[in-house]
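One letter stands for each residue in the lines below.
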Amino acid sequence: MKYLRNEPLKKHTSFRIGGPADYFCVPKNVRELQEALAFAHRNKLPVAIIGAGTNLLALDHGFSGLVVKLGGGLSRPVVRGRVVHAGAGLPLPQLLSVLKRRGLTGLEFLAGIPGTLGGAAVMNAGAWGKEIGSYIEQVKVIDREGNLRVLGRDQLAFGYRRSLLQSGRYVVAEVVLRLRKGAAGRIGKKIAEILAKRRLSQPLGCPNAG
């Protein structure tokens, strides 16, 4: 695992704001994520987890601890029938692109929402009366000591923009989704319609909070 020292956080946030992190890493897989959390635990370092860094305000003086950015190897989706296993670092636009190609419907409401799948699971992201928690079957998480656990939907306490994952006890490594079969053309049309609605009210071409 490679740890960068004094990495500017402004390079990793959508607002392009933020000072240096004492330690910064991008785990390539679940094992490296476990290693990073164990490293922080051993050295008594505060930990901050970021994905795409959307709508994240980092202080100018930076972060005194370890910042873990989820991406790289923690962003690959695997589709098995109607079930999708995807890393927490997978950007939502990429997820929707994969689902459209594979003819899997249900998550079109996420179109235009920035961020990653892990962040969406933590916040139970939603729009147009739907929430991602309804489609999550289970979540692989790592506790602050680096231990891997699997939590089912009934353990995640999903509610409006909330979940058990906001407790700070766990870091999301992988999300398992169960979706419905659909026609790629209809899925693409629905995504386009939602994006068009968002463009009418949000400045998608510049750093903003929606």
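Scroll up to find the structure.
This is a predicted model, so every value here is computed, not measured.

(A) Spatial organisation of the sheet that holds strand S6 (residues 83-87). The antiparallel open sheet is built from five strands, whose spatial order is S5-S6-S12-S10-S11. Of all strands in the sheet, those bounded by a partner on one side alone are strand S5 (77-80) and strand S11 (148-152). In this sheet, neighbouring strand axes are inclined to one another by 20 degrees on average, regardless of whether the strands run parallel or antiparallel.

(B) Broad picture of helix H4 (residues 184-201). Along its 18 residues, H4 runs 27 Å from first to last C-alpha, staying within 8% of the 26 Å computed at 1.5 Å per residue. Residues Ile187, Ile191, Ile194 and Arg198 constitute the buried set of H4. Buried residues in H4, looked at end-on, bunch into an arc of 65 degrees, giving them a common side. Every exposed residue of H4 that faces more than 90 degrees away from the buried side is listed here: Gly185, Arg186, Lys189, Arg199 and Leu200.

(C) Molecular detail of unusual backbone geometry. For alanine 157, which is not a glycine, the phi torsion comes out positive at approximately 50 degrees. Note that alanine 157 resides in the loop between S11 and strand S12 (170-178). Taking the relative accessible area as the measure of exposure, alanine 157 reaches 46% and is therefore partly exposed.

(D) Inspection of the packing of aromatic side chains at higher detail. Within the structure shown, the criterion is met by three aromatic pairs. Seen in terms of ring centroids, tyrosine 3 and phenylalanine 39 are 4.4 Å apart; in terms of plane orientation they differ by 25 degrees. Their pairing is stacked. With tyrosine 3 in the segment before strand S1 (4-8) and phenylalanine 39 in helix H1 (residues 30-42), this residue pair connects regions lying 36 residues apart in the sequence. Judged by its relative accessible area of 15%, phenylalanine 39 is buried.

(E) Focus on the sheet that holds strand S4 (residues 63-69). The four strands are arranged S1-S2-S4-S3 in an open sheet whose pairing can be described as mixed. Here the strands that pair on one side only, and so sit at the sheet edges, are S1 and strand S3 (47-50). Strand-to-strand twist of the sheet, defined as the mean angle between neighbouring strand axes without regard to direction, takes the value 40 degrees. Note: S1 against strand S2 (residues 20-25), four bridges, orientation antiparallel. Bridge pairing in S2 places leucine 4 opposite phenylalanine 24.

(F) Representation of a positive patch on the surface within the structure. A contiguous patch of positive charge, built from Lys100, Arg101, Arg102 and Lys181, is present on the exposed surface. No other element matches helix H2 (residues 92-102), which puts three residues into the positive patch. Mapped onto the fold, lysine 181 is located in strand S13 (residues 180-181).

(G) Quick peek at the nonpolar core. In terms of nonpolar packing, the biggest core is built from 50 residues, with Leu33, Leu107, Leu110 and Leu177 touching the most fellow members. Where this core is concerned, the elements lending two or more residues are H1, S4, S6, H2, helix H3 (117-123), strand S10 (136-143), S12 and H4. It is S12 that provides the largest number of residues to this core, a total of six residues. Apart from the residues lying within four places of it in its own chain, the contact partners of leucine 110 are Leu92, Leu96, Ala125 and Ile132.

(H) Looking closely at the pairing of S2. In the sheet, S2 pairs with S4 via four bridges, with the strands oriented parallel. In the sheet register, cysteine 25 faces S4, and the bridge partner there is valine 68.

Procedures and definitions
Residues numbered from 1 in each chain as written. Predicted model: local features only at pLDDT ≥ 70, side-chain atom pairs only at ≥ 80, totals over all residues. Heavy atoms only, no water. Pairing = 2+ DSSP bridges. Helix = DSSP H or I, 4+ residues; strand = E, 2+ residues; numbered from the N terminus. Axes fitted to C-alpha atoms, helices over the stretch in contact; angles between N-to-C directions. Expected span 1.5 Å × (residues − 1). Buried < 20%, exposed > 50% of the residue type's maximum accessible area, 1.4 Å probe, protein only. Arc of directions from axis to C-beta. Phe/Tyr/Trp six-rings, centres within 6.5 Å; stacked < 30°, edge-to-face > 60°. Patch = residues over 30% accessible without salt bridge, like charges linked within 9 Å, V, L, I, M, F, W, Y side chains within 5 Å. Areas by Shrake-Rupley, 256 points an atom, 1.4 Å probe, with all protein chains shown as cover. Salt bridge = Lys/Arg side-chain N within 4 Å of Asp/Glu carboxyl O. Lys, Arg positive; Asp, Glu negative; His and termini not counted. Charge placed at Lys NZ, Arg CZ, Asp CG, Glu CD. Core = buried A, V, L, I, M, F, W, Y, C linked by side-chain atoms within 4.5 Å. Contact = heavy atoms within 4.5 Å.

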